[in-house]
Amino acid sequence: MTSFILLLVLSIQELFKPTEEHVLVIRLLVKHLHAFSNSFKPEPVSPSAHSHTASPLAEFKRIVIPRFVQQKLYVFLQHCFGHWPLDASFRAVLEMWLSYLQPWRYAPEKPLLSTESQPRSVSEKWAPFIQENLLMYTKLFVGFLNRALRTDLVSPKNALMVFRVAKIFAQPNLAEMIQKGEQLFLETDLVVPPRQHRLFVSPSFGGSFLSSRTPNITDVSFKVKSHVYSLEGQDFQYKQMFGPEVRNLVLRLAQQICQAQQTAKSISDHSIEATASQSFLSWFRFGPSDLNGSYTGNDLDEIGQDNIKKTDEYLEKALEYLCQIFRLNEAQLCQLMQNWGAAQDENEKKQLPDCIESEDGLILTPLGRYQIINGLRKFPLEYQGDPELQPIRSYENTTIVRLLFQLSSIINRRFAGSMETLCAKEGFLGSFCRYHLCNPCIIEKARRSPLSKQNLGQIQQPRVSLRFLASYRTLLSLLLTYFIASWFCIGPVTCTFLLSIGYLFYAVLMTFITEKRNPHQS
């Protein structure tokens, strides 16, 4: 019966899902409790015999957080760290945790900020609070590291959370006090129990014959141990925040931060190139179209250049703060990123399953089948066949696509020999024909794909492709051009002639650029 009740309680805890409003209310409570506790002012020393006795209100201010809040809040935060979704809504839990960790923010005596806007040092008077809340700082920090390693740090909101935690723990003197608290917890008891020390060193028993340092340290160590064991039990295996295991987690997070910075930079560069490529002629779709569906997706539009810049700033500062907290060597981080980059390049070369090349294309070996079945390697999932035979897209007119395909097929069958002869020529004419009749990107993709030699030969042949004219964007652009030209008394024939002349100059320029970048190999 007891075990059934225990399982029922555990299942209820698993199902408990606090809301953001719940967390915000608790954070507000924590702020008010810190302000209430810090409003305590020690009474002046009086010669009275009872001067050492504190008032009930002062005693309540001193014990309200450790006795009534600490354990329940610790259990609640652990539950949130373990069960909250890996999204930006975790920010509410994070800020509640950080509010509890910084009682000095709610102290009545706030030092003036320096003109250099440097973070102020945490005073030594807060050392007892940090020591008596050691797990709030150390174990929950490890829990946050595990969460951060599973999140997408390219997202500005996730990057901001990592930055916030790193900034708080990088406050001057805070890491040293946490490390001192860990040392007090890990030191062994060499003398009689700590509670007897408090009796022996009391003034009424004349403790002057004892060393004043050892009993005090042992007494503080006892408080730290009682805090840890009261929250986690006597069998708890403590994981040091500044130990090698957590340091490895921090190095992994630093590596992930660098990777996220590179990803954000590549997204930013791609966005800039996509914006720059929207020139007048390319907007009218006169250049070669990419029907392979290269993604310029909605994520780019949602992230935006400003947010990418914020992400980079947050991650850069977070990495700097982590280096300060754990005394990481930037040279080691650079070496770590170089090793990761080399491993990535090597993985890209070896990502295809094991196969052999035959007359019919690539054929999987038994090892290649084993790799695919067990998910060790895979072929890139992108269309690498004939672009003319791709499914009709939503931005294309079905009827026009089919008509243009039939027209292109007739032209290609009738003038196949002439197009091959022109493309095989050296000089400007051959380059001009190859630019329009051959697509080197598609040919290169087809060579790496498991296509048959027959299909690969068809793709490599020079041919005319008119499918871009079936795009609604192209049709709308042409219609808009003719409409604007009619305002200037330019007829359809004249407008078509001018567009042809303009495209001719554009094609000549692109032919020279393409030929210099990718010289033709016969």
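Residues numbered from 1 in each chain as written. Predicted model: local features only at pLDDT ≥ 70, side-chain atom pairs only at ≥ 80, totals over all residues. Heavy atoms only, no water.

**Q** Explain empty space enclosed by the protein here, please?
**A** Where empty space is left can be seen by rolling a probe of water-molecule size over the atoms. Scanning the entire structure with this criterion turns up two cavities of 30 Å³ or more. What the largest cavity holds in volume is close to 60 Å³. Around the largest cavity, the lining residues are D87, F90, F144, R147, A148, T151, N158, M161 and V162. Looking at the lining of the largest cavity, the elements that each hand over two or more residues are α8 (139-148) and α9 (156-169). (1 Å grid on protein atoms, 1.4 Å probe; cavity = no way out; pocket = protein on both sides within 12 Å on 5 of 7 lines; lining within 4 Å. Points joined across faces, edges and corners; volume = space filled by probe spheres on them. Helix = DSSP H or I, 4+ residues; strand = E, 2+ residues; numbered from the N terminus.)

**Q** Can you help me understand the packing of aromatic side chains in this one?
**A** The description of two aromatic rings rests on the distance between their centres and on the angle between their planes. Under the criterion given, the structure shown has 21 aromatic pairs. When the centroid spacing of 6.5 Å and the interplanar angle of 35° are considered together, the rings of W97 and F144 count as tilted. Here W97 is found in helix α5 (residues 91-101), whereas its partner F144 is found in helix α8, with 47 residues between them in sequence. Residue W97 is classed as buried on the basis of its relative accessible area of 0%. (Phe/Tyr/Trp six-rings, centres within 6.5 Å; stacked < 30°, edge-to-face > 60°. Buried < 20%, exposed > 50% of the residue type's maximum accessible area, 1.4 Å probe, protein only.)

**Q** Help me understand the packing of helix α4 (residues 70-83) against α8 in this model?
**A** Running from amino to carboxyl end, α4 crosses α8 at an angle of 15°, the nearest separation of the two axes being 10 Å. Compared by their axis directions, α4 and α8 come out roughly parallel. The crossing of α4 and α8 is left-handed. Two secondary-structure elements touch here, α4 through Y74, L77, Q78, C80 and F81 and α8 through K139, L140, G143, F144 and R147. Here the residues of the contact of α4 with α8 sort into six nonpolar, two polar and two charged. (Axes fitted to C-alpha atoms, helices over the stretch in contact; angles between N-to-C directions. Parallel < 35°, antiparallel > 145°, perpendicular 65-115°, else oblique. Left-handed = near helix turned anticlockwise from the far one by under 90°. Contact = heavy atoms within 4.5 Å. Nonpolar A, V, L, I, M, F, W, Y, C, P; charged D, E, K, R; others polar.)

**Q** Teacher, can you tell me more about unusual backbone geometry here?
**A** Negative phi characterises most residues that are not glycine, and trans characterises most peptide bonds. Although it is not a glycine, R327 adopts a positive phi angle of roughly 55°. One non-glycine residue, C489, lies in positive phi territory at about 60°. Tracing the backbone shows C489 in the loop between α23 (472-487) and α24 (492-517). Exposure remark for C489: the relative accessible area of 75% places this residue in the exposed category.

**Q** Looking at this model, I keep getting lost on the side chain of Q390. Mind explaining?
**A** Looking at the secondary structure, you find Q390 in the loop between α17 (366-373) and α18 (398-414). Among the polar contacts made by the side chain of Q390, one reaches the side chain of R393 at a distance of 2.5 Å. (Polar contact = N/O pair within 3.5 Å; in protein donor to acceptor, adjacent residues only side chain to side chain.)

**Q** In this structure, what is going on with the confidence of the model for the protein chain? I would like to understand it.
**A** Close inspection of predicted coordinates is inappropriate for parts of the model with low pLDDT. When pLDDT is averaged along the protein chain, the result is 76, and 69% of the positions lie at 70 or above. Predicted confidence in the protein chain is weakest over helix α11 (residues 194-200), with a mean pLDDT of 37, and strongest over α5, with 96. Taken as a whole, residues 4-12 scores under 50 in pLDDT and shows zero contacts with residues more than four places along the chain or in a different chain. When the criterion is pLDDT under 50, residues 278-302 qualifies, and its contacts beyond four places in sequence or with other chains add up to 37 contacts. (pLDDT = per-residue confidence, 0-100.)

**Q** Even after reading the chapter, I still don't get the environment of A318, so can you show me in this structure?
**A** If you trace the backbone, A318 turns up in helix α15 (residues 298-326). On the basis of relative accessible area, A318 is assigned to the buried category, the value being 0%. Between the C-alpha atom of A318 and that of A170, which follows or precedes it by 148 residues, the distance is 9.5 Å. Sequence-distant contacts of A318, defined by excluding residues within four places in its chain, comprise V162, F163, A166 and I257.

**Q** Can you help me understand a nonpolar patch on the surface in this one?
**A** A cluster of nonpolar side chains, contributed by L480, F483, I484, W487 and F488, occupies part of the molecular surface with about 580 Å² of accessible area. Counting through the fold element by element, L480 comes out in helix α23. (Patch = residues over 30% accessible without salt bridge, like charges linked within 9 Å, V, L, I, M, F, W, Y side chains within 5 Å. Areas by Shrake-Rupley, 256 points an atom, 1.4 Å probe, with all protein chains shown as cover. Salt bridge = Lys/Arg side-chain N within 4 Å of Asp/Glu carboxyl O.)

**Q** What's the story with the pattern of salt bridges in this structure? I'm lost.
**A** Opposite charge on two side chains lets them pair, provided their charged atoms get close. According to the stated counting rule, one finds nine salt bridges in the structure shown. For the salt bridge of R327 with E176, the shortest nitrogen-to-oxygen distance reads 3.7 Å. With a gap of 151 residues between them, R327 in the loop between α15 and α16 (330-349) and E176 in helix α10 (residues 174-186) connect regions that are remote in the sequence. According to the relative accessible area criterion, R327 is exposed, its value standing at 52%. For E176, a relative accessible area of 39% gives the class partly exposed. If you follow the salt bridges from partner to partner, you end up with R27, R91, E95 and R164 in one network.

**Q** What exactly am I supposed to notice about the nonpolar core here?
**A** General note: in soluble globular proteins, nonpolar side chains tend to be found buried as a group. W97, Y137 and F169 are the most contacted members of the largest nonpolar core, which has 87 residues in total. At 10 residues, the largest contribution of residues to this core is made by helix α13 (residues 244-276). Filtering out sequence-adjacent residues up to four positions away, W97 remains in contact with L77, F81, M136, Y137, L140, F141, F144, V165 and F169. (Core = buried A, V, L, I, M, F, W, Y, C linked by side-chain atoms within 4.5 Å.)

**Q** Just to check I follow, could you spell out α5 for this structure?
**A** Spacing of three or four residues puts side chains on the same side of an α-helix, whose turn is 3.6 residues. Across the 11 residues that make up α5, a large majority, 10, are buried. Buried residues of α5: A92, V93, L94, E95, M96, W97, L98, S99, Y100 and L101, and no others.

**Q** Would you mind going over the pairing of strand β1 (residues 355-358) with me for this structure?
**A** Remember that side chains alternate between the two faces of the sheet whenever the strand is regular. In this sheet, strand β2 (residues 361-364) lies alongside β1 in antiparallel orientation, the contact comprising four bridges. Across the sheet, E357 pairs through a bridge with L362, a residue of β2. The turn joining β1 and β2, which pair antiparallel and follow one another in sequence, is formed by two residues. (Pairing = 2+ DSSP bridges.)

**Q** What's the story with the environment of S268 in this structure? I'm lost.
**A** Along the chain, the position of S268 falls in helix α13. Sequence separation between S268 and N307 is 39 residues, and the spatial gap between their C-alpha atoms is 10.0 Å. In this structure S268 touches Q305 and I308, once residues within four positions along its chain are discounted.

**Q** What exactly am I supposed to notice about the packing of α8 against α9 here?
**A** The relative placement of two packed helices comes down to the angle between their axes together with the axis-to-axis distance. It is at 11 Å that the axes of α8 and α9 come closest, and there the two elements cross at 155°. Classed by the angle they form, the pair α8 and α9 counts as roughly antiparallel. The element α8 and its partner α9 pack so that their crossing is left-handed. Facing F141, F144 and A148 of α8, the residues of α9 in contact are M161, V162, V165 and F169.

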